[in-house]
Amino acid sequence: MALRPVMVNIKACDASAVGRFWAEALGWTAYSPGVTTYVGPAGGLVWPDPVAVCVDVVPVPEPKTTTKNRVHLDIATTSSAHQRELVARLKALGATPVDVGQADAPWTVLADPEGNEFCVLEPREHYRDTGPIARVVADCADPRAMARFWGEAMDWRLHEVTGDRAVLRSAKGVGSYLEFLRTPGAKTVPDRVHLDLLPYPGDDKAAEVTRLRALGATDLDIGQGDVPWTCLADPEGHEFCVLALS
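Residues numbered from 1 in each chain as written. Predicted model: local features only at pLDDT ≥ 70, side-chain atom pairs only at ≥ 80, totals over all residues. Heavy atoms only, no water.

Visitor: Would you mind showing me how to read the overall build of the chain here?
Guide: Regarding its fold elements, the chain presents 4 helices and 16 strands. A globule of 246 residues ought to have a C-alpha radius of gyration of about 18 Å, and the chain, at 17 Å, matches this closely. With the C-alpha coordinates aligned to their principal axes, the bounding extent of the chain is approximately 50 × 40 × 35 Å. A fraction of 61% describes how many contacts in the chain between residues 6 or more apart in sequence connect residues 24 or more apart. As displayed, the chain offers around 11,200 Å² of accessible surface, 55% of which is attributable to carbon and sulfur atoms. The averaged location of the 33 negative side-chain charges in the chain is 3 Å from the averaged location of its 24 positive side-chain charges. (Helix = DSSP H or I, 4+ residues; strand = E, 2+ residues; numbered from the N terminus. Rg over C-alpha atoms; globule rule 2.2 N^0.38 Å. Contact = heavy atoms within 4.5 Å. Areas by Shrake-Rupley, 256 points an atom, 1.4 Å probe, with all protein chains shown as cover. Lys, Arg positive; Asp, Glu negative; His and termini not counted. Charge placed at Lys NZ, Arg CZ, Asp CG, Glu CD.)

Visitor: Would you mind going over the packing of aromatic side chains with me for this structure?
Guide: Geometrically, a pair of aromatic rings is defined through the distance of the ring centres and the angle of the planes. Enumeration over the complete set of coordinates arrives at 8 aromatic pairs. By the ring-pair criterion, three or more aromatic residues cluster together here, those being Phe149, Trp150, Phe180 and Phe240. A cation sits over an aromatic face here: Arg4 above Tyr200, 4.4 Å from the ring centre. (Phe/Tyr/Trp six-rings, centres within 6.5 Å; stacked < 30°, edge-to-face > 60°. Lys NZ or Arg CZ within 6 Å of the ring centre and 35° of its normal.)

Visitor: How should I be thinking about the nonpolar core in this particular structure?
Guide: Side chains of nonpolar character tend, in soluble globular proteins, to be buried together. With 60 residues, the main nonpolar core has Trp22, Leu90, Phe118, Trp150, Phe180, Leu212 and Phe240 as its most contacted residues. The element best represented in this core is helix α1 (residues 15-26), accounting for 7 residues. Residue contacts for Leu90: discarding those within four places in its chain leaves Phe21, Ala25, Ala95, Leu110, Phe118 and Val120. One finds Ala76, Val109, Leu121 and Tyr127 within the second-largest nonpolar core, a separate group that totals 8 residues. (Core = buried A, V, L, I, M, F, W, Y, C linked by side-chain atoms within 4.5 Å. Buried < 20%, exposed > 50% of the residue type's maximum accessible area, 1.4 Å probe, protein only.)

Visitor: Could you clarify how one ought to interpret the state of the cysteines in this entry?
Guide: Linking two cysteines covalently via their sulfur atoms produces the bond known as a disulfide. Here the structure, examined in full by the defined rule, presents 0 disulfides. The closest cysteine sulfur to the non-disulfide-bonded Cys241 is located on Cys231, 3.7 Å from its own sulfur. Cys241 sits in the buried class, given a relative accessible area of 6%. (Disulfide = S-S within 2.5 Å.)

Visitor: Can you help me understand helix α3 (residues 143-153) in this one?
Guide: Residue pairs three or four apart in sequence face the same way in an α-helix, which turns once every 3.6 residues. Residues of α3 that are buried include every one of Pro143, Ala145, Met146, Ala147, Phe149, Trp150 and Ala153, and no others. The opening residue of α3, the one whose side-chain oxygen lies 3.2 Å from the backbone nitrogen of Arg144, is Asp142. (Polar contact = N/O pair within 3.5 Å; in protein donor to acceptor, adjacent residues only side chain to side chain.)

Visitor: What should I look at first to understand the side chain of Arg211 in this one?
Guide: For Arg211, the position within the fold is in helix α4 (residues 205-215). Arg211 gets classed as buried once you look at its relative accessible area, which sits at 18%. In this structure the side chain of Arg211 is engaged in a polar contact, spanning 3.1 Å, whose partner is the backbone oxygen of Ala153. In terms of polar contacts, Arg211 uses its side chain to reach the side chain of Glu208, at 2.7 Å.

Set out below in structure tokens:
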């Protein structure tokens, strides 16, 4: 048994507008299958996508606080010119520059129209085959502990683990990376951005949730009520959901 990450869930007051922004940022399409805005590859809504970890923008009434998100996306570029063009285009669409202490780093840190931070990376050979999302990055205190938990939680392969970071990717060698980066500071507000995981066909969702609890996940009540998904937190408090195949 194992789970796969299928979506990055982003909360927004105006889910449609933020969804359109992310569709432009990623070169994908914004779909509206229900109350959320799903952003995935063009050509028609496919869920779950067989390769990409997509984006699902969920409407909430509360705006983002000034606290930096603990999870963010890094966008891949193919050349220095592409990076410059993309940054300029995203600013025109409502993105704003953000200083998170990056100093003179070669990547550009921006925030979407509701303040969710993300990075536009300089071209890196390592990310030429990932698609537009190079990696999903989560701040953490102990990358080795995150590698143990998430390496067992998902069917993704652990590529690197040090005291500073842990890196995972699909065992098929496709799509985005997931990186846990050692960062000072503890969680102080609910996560604005989190991962959604999905069992494989034939696997039992309840059994998967029980397995995650045994690995150190804890139940999370964010006012979700009676819903088909289960809200959990990993050992460092990163929120995530286990979805059900419909």
